[in-house]
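These are the residues of each chain, in order.
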Amino acid sequence: MLTFLQREHWPYHSNHESSEAMYEHAFDEGKYHGKNLAFWVEQFDKKIGLVVIEDIDDLNPMLDIRLASNVRGKGIGKHMLQWVTDYTFTNYEKVIRLEGCTRVDNMAMRKTFHAAGFVKEAYYRSGWIDEDGTVYDCLSYAKTRSDWLHGTITPIQMDNEPF
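The residue numbers shown here count from 1 along each chain, following its written sequence. The model is predicted, so local features are restricted to residues of pLDDT at least 70 and side-chain atom pairs to those at 80 or more, both for listing and for counting; the totals for chains, interfaces and linings are taken over all residues. Only hydrogens and water are set aside; all other atoms, that is, all heavy atoms of the structure, feed into the side-chain values.

Novice: Mind laying out the pairing of strand E1 (residues 37-43), listing which residues take part and the relevant values?
Specialist: Paired strands, as defined in this entry, are two strands with at least two bridges between them according to DSSP. Each helix corresponds to a stretch of at least 4 residues labelled H or I by DSSP, and each strand to a stretch of at least 2 residues labelled E; elements are numbered beginning at the N terminus. Inspection of the sheet shows E1 paired to strand E2 (residues 46-54) by seven bridges, in the antiparallel sense. Pairing of glutamine 43 across the sheet is with lysine 46, part of E2. Once E1 ends, the chain turns through two residues before running back antiparallel as E2, passing phenylalanine 44 with a positive phi of about 50°.

Below you can see the structure in the form of structure tokens.
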């Protein structure tokens, strides 16, 4: 896991560059086990991605999705989201929604969430702070169990009231 995470550049994660110590600390703190579940994505017996479901015991777990740079832009992210959604709702009956956040400038991930049937639910102004102190807006996308079960996409009622 450390080799995969370290060899890649993660331009849209809070810590773009990585070190072995940083990921060892994250592992020791339970980022990839315990209340969180981590799954490798493989293609031709090579690790090309990682999906982490954070706080799986919660009603609303969060996703962390990473895809190797050499396979980005090929639709694999959509399949990763569809798989993790199916897995979560099939195996964890108490989960009612699955959520992921991304920076506002990460158009590829925004399109991926949309393509996988996730609904844009929130826009957080100055909600993402990188390790270098750069501040970005970010968005939250989610898929509900109900939409998953019925194959629907329920629009949110964001602007029904002016307040």
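Novice: Now, about the packing of helix H3 (residues 76-91) against helix H4 (residues 107-115): what can you tell me, with residues and values included?
Specialist: Between H3 and H4, the shortest axis-to-axis distance is 9 Å and the interhelical angle comes to 50°. Here H3 lies oblique to H4, going by the angle between them. For the pair H3 and H4, the sense of crossing is right-handed. In this structure, H3 contributes Gly77, Lys78 and Leu81 to the contact, and H4 contributes Met109, Thr112, Phe113 and Ala115. For this scheme, ten residues count as nonpolar: Ala, Val, Leu, Ile, Met, Phe, Trp, Tyr, Cys and Pro. Four count as charged, namely Asp, Glu, Lys and Arg, and the remainder, Gly too, count as polar. Taken together, the residues of the contact of H3 with H4 sort by class into four nonpolar, two polar and one charged. Angular values range over 0 to 180 degrees, each being the angle between N-to-C directions of two axes fitted as lines to C-alpha atoms, with helices fitted over their stretch in contact. Here is the rule for angles: anything less than 35 degrees is roughly parallel, anything more than 145 is roughly antiparallel, 65 through 115 is roughly perpendicular, and the remaining ranges are oblique. In this scheme the crossing of two helices becomes right-handed for a clockwise turn of the near helix relative to the far one and left-handed for an anticlockwise turn of less than a right angle. Throughout, a residue-residue contact means that at least one pair of heavy atoms, one from each residue, lies within 4.5 Å.

Novice: Now, about the packing of aromatic side chains: what can you tell me, with residues and values included?
Specialist: Two rings from Phe, Tyr or Trp (for Trp, the six-membered ring) form a pair when their centres are within 6.5 Å of each other. A pair whose planes differ by under 30 degrees is stacked, one over 60 is edge-to-face, and the rest are tilted. One pass over the structure, following the stated rule, counts seven aromatic pairs. Between the aromatic rings of phenylalanine 89 and tryptophan 148, the centroid separation amounts to 5.3 Å while the plane-to-plane angle is 45°, which identifies the pairing as tilted. Taken together, the residues span a long stretch of sequence, with phenylalanine 89 in helix H3 and tryptophan 148 in helix H5 (residues 145-150) at a distance of 59 residues. Burial here depends on accessible area, computed with a 1.4 Å probe over protein chains only, as a share of the maximum for the residue type. Under 20% is buried, over 50% is exposed, and the range in between is partly exposed. Its relative accessible area of 2% is what places phenylalanine 89 among the buried residues. For tryptophan 148, a relative accessible area of 23% gives the class partly exposed. Feature note: the residues Phe39, Trp83, Tyr87 and Tyr92 constitute an aromatic cluster, connected by ring pairs.

Novice: Help me get a handle on unusual backbone geometry, residues and values and all.
Specialist: With phi around 60°, aspartate 55 is a residue other than glycine that occupies positive phi space. Tracing the sequence through the fold places aspartate 55 in the loop between E2 and strand E3 (62-67). Note on aspartate 55: relative accessible area 30%, which makes it partly exposed. We note that serine 126 has phi near 50°; this positive angle belongs to a residue other than glycine. When you line up the elements, serine 126 lands in strand E5 (residues 119-129). Classification of serine 126 as partly exposed rests on a relative accessible area of 48%.

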